[in-house]
Amino acid sequence: MLSGMCKRIIIVLVTGFLAWAYQASHPPPPKACGTPDGALTTGPRVQLRDGRHLAYKEHGVPKGMAKYKIVFVHGFGSSRHDASISVPEVLEGLGVYLVSFDRPGYGESDPDPKRTTKSIALDIEDLANQLELGSKFYVIGFSMGGQVVWGCLKFIPHRLLGATLVAPVVNYWWPGFPANLSTEAYYEQYPQDQWALRVAHYTPWLTYWWNTQKWFPGSSAISGNAKFSRQDLEIISKFAGGQQEKEYATQQGEFESLHRDMMVGFGSWEFDPMDLKNPFPDNDGLVHLWHGDEDGLVPVTLQKYIARKLPWIKYTEIPGAGHLFPHADGMSKAILEALLLGKQFTLDN
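Criteria and thresholds
Residues numbered from 1 in each chain as written. Predicted model: local features only at pLDDT ≥ 70, side-chain atom pairs only at ≥ 80, totals over all residues. Heavy atoms only, no water. Helix = DSSP H or I, 4+ residues; strand = E, 2+ residues; numbered from the N terminus. Contact = heavy atoms within 4.5 Å. Pairing = 2+ DSSP bridges. Buried < 20%, exposed > 50% of the residue type's maximum accessible area, 1.4 Å probe, protein only. Axes fitted to C-alpha atoms, helices over the stretch in contact; angles between N-to-C directions. Phe/Tyr/Trp six-rings, centres within 6.5 Å; stacked < 30°, edge-to-face > 60°. Lys NZ or Arg CZ within 6 Å of the ring centre and 35° of its normal.

- Named according to an unreviewed UniProt entry, the protein is AB hydrolase-1 domain-containing protein originating from Escallonia herrerae.

Structure, rendered in structure tokens:
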């Protein structure tokens, strides 16, 4: 006799197969900017090597006066307007020029149906070239954008002066994780997120259907019910225009933004970050990884393991901090000073 869990799995698989035949294999086309159904472009864009356009936003001091030039990569469901570390007085005090951009399919950047961990790293290199940031620059990524930084360390290390991963999303299927550790961390998630990631990893063509159907709950991050900490909720309560920001971020449709993020981020990668070599063997640059010990979205146990596997990474764990800690008072300055000046973080910073 089949157990209750087996029956539920069979129901999910059968239902998913039927949905695939009717809907999931044909998500709606994106409403690309500049098309009759799409939004107008409101900011500058560069044209990439394959003809796509990438929208960007400049922060801090003028580029020609900057001591440091940084490319910032936003997180899941966000955009170039949410550069979490771009506190004006901090950037100006340090002499930083920072450029954020809408990742492909977000905001006003054209979708990239062929997006991979490598292609987004090459997009960043292309953006830096067209904005004339110089032969080398810094890169900082938050959350899903932090995951993108792994691709930069793999595919464009020769262009980097330093890199910071802030609460980077992990892929539970990276081979370098011990099976027992990744499994334990995986089951710390809400059950609905366990299923959403299984679908994105094993049956990516069902990702759109899974997160739009009404029979089973989809990703909590998409529905707005993510596993936030107390600090996260306090930070969210201070945000203004959060819904408007999400609408802008996904104005071309959720498939080429949110769903593509899930398929790429939790799919089969071209490399394992834990196999990376130190991109700065001559100590002419730093790689930082910051994480909160109360992050409910990305288990801290996996970040600790990565830091042990890659001892050349400067790992900083923030007590009592959740996933959104970069928005907390003083964190922008601390993150930037550690990367640019080598300043060690203390709770008194």
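Here the narrative resumes, following the displayed structure.
## Looking at the side chain of Q147
Now for step 1: Considering the arrangement of structural elements, one finds Q147 in helix 4 (residues 144-155).
Now for step 2: Apart from the residues lying within four places of it in its own chain, the contact partners of Q147 are P168, V169, V170, N171, W174, G265 and W269.

## Description of the pairing of strand 2 (residues 53-60)
Now for step 1: Sheet topology note: the strand 1 (residues 45-47)/strand 2 ladder contains three bridges and is antiparallel. Looking at the pairing, V46 lines up with L54 of strand 2.
Now for step 2: Joining the antiparallel neighbours strand 1 and strand 2 is a turn of five residues, in which G51 adopts a positive phi near 95°.
Now for step 3: Across five bridges, strand 2 lies against strand 4 (residues 96-101) in antiparallel orientation. The partner of G60 across the bridge, within strand 4, is Y97.

## What to know about unusual backbone geometry
Now for step 1: We note that A167 has phi near 45°; this positive angle belongs to a residue other than glycine.
Now for step 2: On the accessibility criterion, A167 (0% relative accessible area) is buried.
Now for step 3: The residue N283 is not glycine, and still its phi comes out positive at about 60°.
Now for step 4: Along the chain, N283 falls in the loop between helix 11 (255-265) and strand 7 (287-292).
Now for step 5: According to the relative accessible area criterion, N283 is exposed, its value standing at 69%.

## Looking at the sheet that holds strand 8 (residues 313-318)
Now for step 1: In space, the eight strands of this open sheet follow the order 1-2-4-3-5-6-7-8, with mixed pairing throughout. Edge positions in the open sheet fall to strand 1 and strand 8, since each of these has one partner strand only. Neighbour-to-neighbour, the strand axes of this sheet turn through a mean angle of 25°, independent of strand direction.
Now for step 2: Looking at chain direction, strand 6 (residues 160-166) and strand 7 are connected through four bridges and run parallel. Looking at strand 7, one finds that V166 is bridged to W290.
Now for step 3: Helix-sheet contacts for helix 12 (residues 300-309) involve strand 7 and strand 8, and the interaxial angle to strand 8 is about 155°.
Now for step 4: Here helix 13 (residues 331-341) sits on the sheet and contacts strand 3 (68-73), strand 4, strand 5 (137-142), strand 6, strand 7 and strand 8; the angle it forms with strand 7, its principal contact strand, is near 155°.

## Concerning the packing of aromatic side chains
Now for step 1: Here the structure, examined in full by the defined rule, presents 17 aromatic pairs.
Now for step 2: Geometrically, the ring pair formed by W209 and W210 is edge-to-face, given 5.8 Å between the ring centres and 65° between the ring planes.
Now for step 3: When its relative accessible area of 3% is taken as the criterion, W209 is described as buried.
Now for step 4: Given the relative accessible area of 3%, W210 is considered buried.
Now for step 5: Linked through ring pairs, W150, F155, W174, F177, W269, F271 and Y305 together constitute an aromatic cluster.
Now for step 6: Across the ring face of W195, the terminal group of R198 is positioned such that the distance to the ring centre comes to 4.6 Å.

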